[in-house]
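# An overview of the molecular structure
Listed here are the chains, written in short residue letters.
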Amino acid sequence: MKKSMVKVIAVLAALVLTLLSACGTGNKEPEPTKAPEANEATAVPATQAPAVTEAPVVTDAPAITEAPAPTDVPATDVPADMPEVRDPGTEYYFDYTEYGEDYLVPDPNEAAGLENYEQGVLLFPQGHDPYVWIILEEPLPAAEYRYVAVRVMANKNDKNGQLRFATSTDDRGWAMLSFKYQTPGSWETLVFDLAQAALMNEDTMDGELTRIRIDPYDDEFDTEMLADEYTLLVESFALFTDPEKAQAYNGLYEWPEDPDKTPLPATATPDGGSTPAPTHRPTERPAGAPEVNDIGTEYYCDFTEYGDDEMAAGPNNAVLIEQEKEGMLLSPEAWDPYVWVVLDPKISASEFRYVALKVKAQANDKVGQIRFVTTTDSRGWPMIAFQYADPGDWEVIVLDLAEANFLNPDTLDGDLVRVRIDPYDDEADPQTDTMDETHVLLVESIAFFNDKAKAEAYTGLYKWSN
């Protein structure tokens, strides 16, 4: 009996311990997993954003074998704090602030550097004879809109500035007014009467204004490039029919006292005389000029002594340009010779995509190249290489801009601004070598067509006897 009771008690005790143990296990929370301590071998470094650097200035296209990837430029947002807008007093004006859509076209040598600021475009020298063009896409009667006002902030005033212009009856671009800055370091408005310009023809003011040129500082007679402090900030440009309204023009915006671009201290104005007028060769077509061909287009550049179009060497001045009766003779002076041709007026790149070049080459052991800039692609990278077929004789080279390398998706959506001609490509040569005297090119003309058949039928501007 006692043994049975002991056995029963023992069994009950074991059962109670088992239940207590099960209950304790079910209510206990598991301990959290401890993360291992980081050490040099296991730690993952944080990703660091690259340092912000100034965008490089593209001076040439990349190697032909590697096309650059297009870069998306974000749209400019309108700042939250807009300056007060003034009444310009005319509907014909150009806004060069970050709020405007118009822009300035640099000279062919790109001697004028352009940089965008909130208050306008800053012009600064980066070569001899810097200037910019203002293109009037809707020409205005010169005699009616003869009063011009420009809102600027100059940094110095020891040199004169110049304003020149061209009209539909006088396309030379010689007509010129010289001026002096009065308040360097502060905003001022320059007002001009185009009818008072020097170097005009009798019919200059009879036509329509097509383009206006601004020379921030006249360095025509200097032997060295202007120093960095010769800058000009251009806010806006306006055209008037009323001289009183032009005199009352005070810019488009009410800017605060301290602009984003603070100019350097002004210099005193020296005593000096008038600025000598520039001299150029006459463009009148003389008697006995060669017979003119059927051109087939109204858009062309004439580089002969009978034409008034000109070309300019690249910024490295690696090419010698000499005026010949039959055209411009291009001779290599250093590595990578090329010239720029500025189109005025600009033309649609997609419509006038066929280009015909009348040339006479002396060698064909190297290819030539055409490159171009449009309003939607300012890089100057799009390029078409070509081979000369008849060295020693005249030939016409026809190219299709749509077949160029290094195009961006929107390159041909804009207007052609300028075209670059590389007579011979020497990119593969050491930069210390210069091509010999056989690598010269005589360029009579360049023409632009909206029809491929017309481009292929182009035989140049003149019937040369040789």
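First things first, this report covers the structure right here in the doc. Computed from a prediction, not measured in an experiment: that's the story for all the values here. (Residues numbered from 1 in each chain as written. Predicted model: local features only at pLDDT ≥ 70, side-chain atom pairs only at ≥ 80, totals over all residues. Heavy atoms only, no water.)

Our next topic: the pattern of salt bridges. All chains considered together, the criterion is met by 12 salt bridges. Close ionic contact of Glu 110 with Arg 418 constitutes a salt bridge, the shortest N to O distance being 2.4 Å. Highlighted residues: Glu 110 in the loop between strand 3 (105–106) and strand 4 (112–117) and Arg 418 in strand 24 (residues 415–422), separated in sequence by 308 residues. Taking the relative accessible area as the measure of exposure, Glu 110 reaches 24% and is therefore partly exposed. For Glu 137, the salt bridge identified is with Lys 346, shortest N-O distance 3.8 Å. Highlighted residues: Glu 137 in strand 6 (residues 132–141) and Lys 346 in strand 19 (residues 339–348), separated in sequence by 209 residues. A single network of salt bridges, built from pairs that share partners, joins Asp 129, Arg 213 and Asp 215. (Salt bridge = Lys/Arg side-chain N within 4 Å of Asp/Glu carboxyl O. Helix = DSSP H or I, 4+ residues; strand = E, 2+ residues; numbered from the N terminus. Buried < 20%, exposed > 50% of the residue type's maximum accessible area, 1.4 Å probe, protein only.)

Tracing the sequence through the fold places Ser 331 in strand 18 (residues 327–332). Beyond its immediate stretch of four places on either side in the chain, Ser 331 contacts Ala 318, Val 319, Leu 320, Glu 322 and Val 440. (Contact = heavy atoms within 4.5 Å.)

Glancing now at the sheet that holds strand 9 (residues 176–179). Taken in spatial order, the 5 strands line up as 3-6-11-8-9 in an open sheet, and their pairing is antiparallel. Of all the strands in the sheet, just strand 3 and strand 9 have a single pairing partner and so form its edges. As defined by bridge partners, strand 3 adjoins strand 6 across 2 bridges and the pair is classed as antiparallel. Looking at strand 6, one finds that Pro 106 is bridged to Val 132. (Pairing = 2+ DSSP bridges.)

The geometry of an aromatic ring pair comes down to the distance between the two centres and the angle between the two planes. One pass over the structure, following the stated rule, counts 18 aromatic pairs. Between Tyr 306 and Trp 464, the aromatic rings sit 6.3 Å apart at their centres with planes inclined by 20°, giving stacked as the arrangement. Placement of Tyr 306 in the loop between strand 15 (300–302) and strand 16 (312–313) and of Trp 464 in the segment after strand 26 (462–463) is noted, with a sequence separation of 158 residues between them. Overall, the relative accessible area of 11% leaves Tyr 306 in the buried class. Pairwise contacts between aromatic rings join Phe 179, Tyr 181, Phe 192, Tyr 217 and Tyr 230 into one cluster. A cation over a ring is seen here: Arg 213 above Tyr 131, with NZ or CZ 3.5 Å from the ring centre. One residue, Arg 418, lies across the ring of Trp 340, its end atom 4.6 Å from the ring centre. (Phe/Tyr/Trp six-rings, centres within 6.5 Å; stacked < 30°, edge-to-face > 60°. Lys NZ or Arg CZ within 6 Å of the ring centre and 35° of its normal.)

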